[in-house]
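# Reading the structure
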Amino acid sequence: MTHIVEMKGMNKYFGKLHVLKEIDLTVESGEVVVIIGASGSGKSTLIRCVNGLEEYESGKLVVDGHPLAPKGGNQKALSDIRKEVGMVFQQFNLFPHLTVKKNIMLAPMKVKNTSQVIANATAERLLNRVGIGNQADKYPSHLSGGQQQRVAIARALAMEPRLLLFDEPTSALDPEMIGEVLDVMRELAREGMTMMVVTHEMGFAREVADRVIYIHEGEIVEQGKPDDVFDNPQNERTQAFLSRVLAH
Amino acid sequence: MEFQFQFDWQAAIDSIPFLLKGIPYTLMISFGGLAIGFLLGILFGLLSINKKWFLRWPATAYIEIFRGTPILVQVLFIFYGLPDLIGGPIDPLTAGIAAIALNSGAYISEVVRGGVQSIDKGQTEAGLSLGLSRTQTFWSIIWPQAFRRMIPPLGNQAIVSIKDTSLFSVIGVGELVRQGQVYIANTFTAFEVYFVVAVLYLAITLSLSLILRLIERRGLASV
């Protein structure tokens, strides 16, 4: 197996606030890593560092063989990494001025110079795959939240990423729509997609994750197989967190 | 002595052909100036939100200077002041267009800045995360959305600038108000002539409002 992500002694500050502390983490190709923790623990910041949406201050980060230096790294490394790493956001961030299909076609055409014909075919294939092939010509605002998030996943997949980052992909959804998004993610995991997922969906974490990571105040406090972390947490802070989120 | 005033419709109607000669100048100064002002507005509006202080600072200075001084002073400065500097006269039409361009450019800069800043940060992040460069992200994702939001304030500025051209009678450019003054000098029918002048301005601004409303409706239909 090859490392897709390698973090060594990574530190990140927001002003004086130390949000990531000495992070050591490697993610292997094909692995599904779920990151859990309280809000403000730094879990979103951690995955946003992977594609350079956040800069870090010290340590080392290598993504799919491209070293991304602290304080923004260089533009070449950033653009190489972003071509290979897709991201799905909590707020979907679809482009409201483009139809669903154009949302998906934009990046392949602009970044990879894919022809319109091929980009169009890819978009249709991906929309069918996430179960909304019939919505291709609508604008995002005419879709439900769950449908919008599935478009966002299709949009990320169109770039044929080697790694997909999910930043709380179901947190902005109405409860009845969470399932349809998790289904798509479950399917991707089954097909072998490498994924780093920040989520509060503990059921999904237990079922789909190869590894669960618990972050507390910017530190990786505990990690392991989901059954071990959920059923037999070693660290008392993990125990306290899990008893709070699993209680209801 | 009893004073009676009668609105002389015939005088009003007679003045129309002469006044209409001012319309091409009014339109040329307005829309010529606004077209350049729009380009200046995009340029300085974007510079004013640049991270680099040496780009941001001159843009902010330009905006503050041309928003903070009267357009009448600006056009007098350009027409009477600048020739001393460049060593040759400036024709009134050029001076008028330049004044509208520089003045509306400052206001449009603020419209551009506001429009761009109103677009959610998540849009930029989505573009970057897909591998688009900052430039690609801006022009294919941020700008089209920002531009749509800019249409109403741009229309507002266009109407203000059209009316501002009336001040340029002071530099002798033959626009609407100037034509009116010249006509009145011979006929002494001030009330009737200025009434027609006002109606002609209203005709221009109302047509523009109508066109803008149509554009707005079409632009918003998809979002």
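Residues numbered from 1 in each chain as written. Chains lettered and ligands numbered in written order. Predicted model: local features only at pLDDT ≥ 70, side-chain atom pairs only at ≥ 80, totals over all residues. Heavy atoms only, no water.

Chain B goes by Putative glutamine transport system permease protein GlnP in an unreviewed UniProt entry, where it is assigned to Marinobacter profundi. As stated in UniProt under Function (unreviewed entry), the record for chain B gives "Part of the binding-protein-dependent transport system for glutamine; probably responsible for the translocation of the substrate across the membrane." Taken from UniProt, the Sequence similarities (unreviewed entry) comment for chain B reads in full: "Belongs to the binding-protein-dependent transport system permease family. HisMQ subfamily." (UniProt positions renumbered as here; feature names shortened; annotations may be inferred.)

As recorded by an unreviewed UniProt entry, chain A carries the name Peptide ABC transporter ATP-binding protein and is attributed to Marinobacter profundi. UniProt, in its Sequence similarities (unreviewed entry) section for chain A, records the words "Belongs to the ABC transporter superfamily." Word for word, the UniProt comment on chain A under Subcellular location (unreviewed entry) is "Cell inner membrane".

### Notes on the overall build of chain A
When its secondary structure is counted, chain A shows nine helices and ten strands. Whereas a compact globule of 248 residues would reach a radius of gyration of roughly 18 Å, chain A reaches 18 Å, a difference of no more than 12%. In chain A, which comprises 248 residues, the proportion classed as buried is 56%. Sequence separation of 24 or more characterises 64% of the internal contacts of chain A that already satisfy a separation of 6 or more. Accessible area for chain A stands at about 10,700 Å²; split by element, carbon and sulfur atoms hold 47% of it. (Helix = DSSP H or I, 4+ residues; strand = E, 2+ residues; numbered from the N terminus. Rg over C-alpha atoms; globule rule 2.2 N^0.38 Å. Buried < 20%, exposed > 50% of the residue type's maximum accessible area, 1.4 Å probe, protein only. Contact = heavy atoms within 4.5 Å. Areas by Shrake-Rupley, 256 points an atom, 1.4 Å probe, with all protein chains shown as cover.)

### As for the overall build of chain B
For chain B, the count of helices and strands is nine helices and zero strands. Computed over the C-alpha atoms, the radius of gyration of chain B is 22 Å, more than 25% above the 17 Å expected from 2.2 N^0.38 for a compact globule of 223 residues. In terms of overall dimensions, chain B has C-alpha extents of about 80 × 50 × 30 Å along its principal axes. Evaluated residue by residue, chain B yields a buried proportion of 45% over its 223 residues. A fraction of 75% describes how many contacts in chain B between residues 6 or more apart in sequence connect residues 24 or more apart. Side chains of chain B carry 15 positive and 13 negative charges; the gap between the two charge centres is 18 Å. (Lys, Arg positive; Asp, Glu negative; His and termini not counted. Charge placed at Lys NZ, Arg CZ, Asp CG, Glu CD.)

### Structural notes on the sheet that holds strand E10 (residues 219-224) of chain A
Residues and elements named next belong to chain A. Strand order in this open sheet of six strands is E6-E7-E8-E3-E9-E10, and the pairing throughout is mixed. With one partner strand each, in any of the chains shown, strand E6 (85-88) and E10 form the two edges of the open sheet. The mean inter-strand angle of the sheet, taken between neighbouring strand axes irrespective of direction, is 20°. Bridge count between strand E3 (residues 32-36) and strand E8 (residues 195-198): four bridges; the pairing is parallel. (Pairing = 2+ DSSP bridges. Axes fitted to C-alpha atoms, helices over the stretch in contact; angles between N-to-C directions.)

### Examining the interface of chain B and chain A
Of the residues lining the interface, 20 residues belong to chain B; the matching set on chain A comes to 22 residues. Carbon and sulfur atoms supply 62% of the area that chain B and chain A bury against each other, a total of about 1,800 Å² over both sides. Applying the counting criterion to the chain B and chain A interface returns one salt bridge. A salt bridge links Arg48 of chain A to Glu125 of chain B; its shortest N-O distance comes to 2.7 Å. (Buried area = accessible area lost by both parts, 1.4 Å probe. Salt bridge = Lys/Arg side-chain N within 4 Å of Asp/Glu carboxyl O.)

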